[in-house]
Amino acid sequence: MQSVPAESTTAQGSPNALYQTLADELRSAISDGRLPAGARLPSVRETARSRGLSINTVLAAYAQLEARGQVEARPQSGYFVRSRLPSPPPPVLSARPAKAKPADASVLDRISAVVAAQSNPDTIDLSLACPKSSDYYPNRQLSRLVADHARRRPELLTDYSLPPGSLLLRREIARHARDLGMTLEADDIILTNGCMEALQLAVRGITKPGDTIAVESPTYFNLISLADHLGLRVIEVPTHPDQGMSLDALELLLSEKRVQAIVTMPSVHNPLGTSMPVAGKERLAELAHTYRVPVVEDALYAEMQYATPLQPTVKSFDRDGWVILCTSYTKTLAPGFRIGWMEAGRYQRRIASLKFTASVAQPAFLCEVLGAFLESGGYAQHLRRLRRVYAGQVDRLRGLIDDAFPVGTRATEPTGGFLVWVELPSGCDANRLCDDALACGLTITPGSLFSPSGRHERHIRLSGCYNFSDRHVHALMTLGELAQAQLGG
């Protein structure tokens, strides 16, 4: 290892002046865009070597930038430029949550229209929450395992799959669940056709037509369609980007017996991209126990938290089976496999029966391949890389939003995943922006899709799960220009 030359305080001034000079140079590069949001600063050792500085001097300069919020340090990754984009203000909480009611017909119609537009190959989708590039999946490793299993275990292709399904996969799921604070048994794992089937089975298993479910506002828009199909009424609970669902408002609903179930995404929320604090998750589990009302926890993005160790799930604090956890590997590993899973707590027997009548079981061949990949350690390695990639992608996206959108635009600072919730300035209308964008060959999801009553009229969801090609960057700039045009700019 080469030694790092110590800087000369005689020729260049005191160490304090040296680190300040470096900090000022980097600050200037950040301000004028030479180091854009999401860009990685040269490593401490590399900077020390190239400039003839000590490592402590470089660390001091980087620490100053971090203290001023211009860069952030990521474990085992380095220092990255942060976006200047401000976060949205917290929602205004009313003294009493709104009344429960079915989803507004206009919201359901717009959901259908946006989903149809997203399937058009001629459009550029800026908000689809489905990574498409092979850069985000371990294709080579999975392809080798598929070929190996087809050669060594061809019977998996011809044997009829029956529940409960691959023991190897269920054991590996239970083992990996420890990373999220859960102690699960393989026998209690129900394999599903992605997370959406898990959510559907969970909601069907704990409600009947006419019941009311409490959901976050904003919430995942497919949940709104699901509630409508099941004949459920929905009540929206205000949700803070940094605190999650308002538990005070929720407890009022529970105390008045106004809801029969709760559906929530407390870890890396869709569309907010943020997470409920651990204390809030613990309180939510206690509310479920106290009021004996089931919680359906959508943990689809929980493993994509940027910081490690990972924050635990609500299920981690479940004392007696009131929390049903649902998730899948479609966002992290293999969307074509369509393999998800759930742990249904006290509703295990009923939901396992519903799964059998709905789709019997998952393909044994794919489940064994996935189980082998988890067992090999490949999944944990892939997740570590994926977290670093998405953290950089989201920083880059926030920086582009800051550059392209009107003054006054705000956006959440995600704690994981690849989704950003954008608040447009007063005078902008997200539904109109969606229509204008579609006319330009761009698709986005307006905020009204994430509310059964069509709230969040100035919000849009944008996604960073694609490579920022010139085509996509130009599309984001065009979207910003369309938003500016609404303000007469």
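Because the structure is a prediction, the values reported are computed rather than measured.

**Student:** Tell me about the packing of helix H15 (residues 378-404) against helix H17 (residues 470-486), and please be specific about residues and values.
**Tutor:** Packing of H15 against H17 leaves a shortest axis separation of 9 Å and a crossing angle of 40°. Taken together, H15 and H17 sit at an angle that is classed as oblique. Crossing of H15 against H17: the hand is right-handed. Residue-level inspection shows Arg 396, Leu 397, Leu 400, Asp 403 and Ala 404 of H15 in contact with H17, the latter providing Val 473, Leu 476, Met 477, Gly 480 and Glu 481. Its residues assigned to classes, the contact of H15 with H17 comprises six nonpolar, one polar and three charged.

**Student:** Can you tell me about unusual backbone geometry, naming the residues and giving the values?
**Tutor:** The amide bond that connects Asn 270 to the next residue, Pro 271, takes the cis arrangement and shows omega of 20°. Here Pro 271 lies in the loop between strand S8 (261-264) and helix H12 (278-291). Between Thr 308 and the following residue, Pro 309, the backbone shows a cis peptide bond with an omega angle of 0°. Tracing the chain through its elements places Pro 309 in the loop between strand S9 (295-298) and strand S10 (323-328). A positive phi angle, close to 55°, is found at Lys 257, a residue other than glycine. Residue position: Lys 257 is located in the loop between helix H11 (247-255) and S8. Despite not being glycine, Val 360 shows a phi value in the positive range, around 65°. Among the structural elements, Val 360 can be located in the loop between helix H13 (348-359) and helix H14 (364-376).

**Student:** So, a nonpolar patch on the surface: which residues are in play, and what are the values?
**Tutor:** Among the surface-exposed residues, Tyr 160, Leu 162 and Phe 356 lie close enough to one another that they form a single nonpolar patch of about 390 Å² accessible area. The topology assignment puts Tyr 160 in the loop between helix H7 (155-158) and helix H8 (167-176).

**Student:** A description of the layout of surface pockets should follow, citing residues and the corresponding values.
**Tutor:** In this structure, the largest pocket encloses a volume near 610 Å³. Taken together, 24 residues make up the lining of the largest pocket; nearest its centre are Arg 74, Pro 75, Tyr 306, Ala 307 and Ala 391. Within the residue set of the lining of the largest pocket, elements represented by two or more residues are strand S1 (71-74) and H15. Ranked by residues supplied to the lining of the largest pocket, first place goes to H15 with seven residues. Here the residues of the lining of the largest pocket sort into nine nonpolar, five polar and 10 charged. Of the voids in this model, the second largest pocket is the one considered here, and its volume is about 490 Å³. Along the wall of the second largest pocket there are 24 residues; nearest its centre are Ala 129, Cys 130, Tyr 220, Asn 222 and Lys 331. Breaking the lining of the second largest pocket down by element, the ones donating at least two residues are helix H5 (105-118), helix H9 (194-206) and helix H10 (221-229). Of the residues assigned to the lining of the second largest pocket, the class counts are 15 nonpolar, five polar and four charged.

**Student:** Tell me about empty space enclosed by the protein, residues and numbers included.
**Tutor:** Overall, the coordinates contain three cavities of 30 Å³ or more when judged by the stated rule. As a volume, the largest cavity reaches approximately 110 Å³. Around the largest cavity, the lining comprises 13 residues; the ones closest to its centre are Leu 180, Glu 303, Thr 327, Tyr 329 and Trp 341. Among the secondary structure elements, those contributing two or more residues to the lining of the largest cavity are H8 and S10. The dominant element in the lining of the largest cavity, judged by the number of residues it contributes, is S10, at three residues.

**Student:** Can you explain the state of the cysteines? Please cite residues and give values.
**Tutor:** Counting across every chain of the model gives zero disulfides. In this model Cys 428 remains outside any disulfide bridge; the closest cysteine sulfur is found in Cys 434, 14 Å from its own. Take Cys 434: it sits in no disulfide, and the sulfur closest to it among the cysteines is that of Cys 440, at 12 Å. Here Cys 434 falls in the buried class, since its relative accessible area comes to 8%.

**Student:** So what's going on with the pairing of strand S6 (residues 233-240)? Which residues, and what values?
**Tutor:** Most of S6 sits out of view: six of its eight residues are buried. Bridging between strand S5 (residues 212-217) and S6 involves six bridges; their strand directions are parallel. Bridge pairing in S6 places Thr 212 opposite Arg 233. After leaving S5, the chain enters H10 and then returns to the sheet as S6, a path that is right-handed. With two bridges joining them, S6 and strand S7 (residues 244-245) adopt antiparallel strand pairing. When the sheet's bridge partners are listed, Thr 239 is paired in S7 with Met 245.

**Student:** Outline the sheet that holds S10, listing residues and values.
**Tutor:** With respect to topology, eight strands assemble into an open sheet ordered S4-S11-S10-S9-S8-S5-S6-S7, the strand pairing being mixed. The sheet is open, and its two borders are formed by strand S4 (189-192) and S7, each paired with just one other strand. Alignment of S10 against strand S11 (residues 340-343), held across four bridges, turns out to be antiparallel. By the bridge assignment, Leu 325 is partnered in S11 with Glu 343. The strands touched by H11 are S5, S6, S7 and S8; relative to S6, the strand with the most contacts, the crossing angle is about 150°.

Rules of the game
- Residues numbered from 1 in each chain as written.
- Predicted model: local features only at pLDDT ≥ 70, side-chain atom pairs only at ≥ 80, totals over all residues.
- Heavy atoms only, no water.
- Axes fitted to C-alpha atoms, helices over the stretch in contact; angles between N-to-C directions.
- Helix = DSSP H or I, 4+ residues; strand = E, 2+ residues; numbered from the N terminus.
- Parallel < 35°, antiparallel > 145°, perpendicular 65-115°, else oblique.
- Left-handed = near helix turned anticlockwise from the far one by under 90°.
- Contact = heavy atoms within 4.5 Å.
- Nonpolar A, V, L, I, M, F, W, Y, C, P; charged D, E, K, R; others polar.
- Patch = residues over 30% accessible without salt bridge, like charges linked within 9 Å, V, L, I, M, F, W, Y side chains within 5 Å.
- Areas by Shrake-Rupley, 256 points an atom, 1.4 Å probe, with all protein chains shown as cover.
- Salt bridge = Lys/Arg side-chain N within 4 Å of Asp/Glu carboxyl O.
- 1 Å grid on protein atoms, 1.4 Å probe; cavity = no way out; pocket = protein on both sides within 12 Å on 5 of 7 lines; lining within 4 Å.
- Points joined across faces, edges and corners; volume = space filled by probe spheres on them.
- Disulfide = S-S within 2.5 Å.
- Buried < 20%, exposed > 50% of the residue type's maximum accessible area, 1.4 Å probe, protein only.
- Pairing = 2+ DSSP bridges.
- Right-handed = clockwise from strand over helix to strand, strands pointing away.

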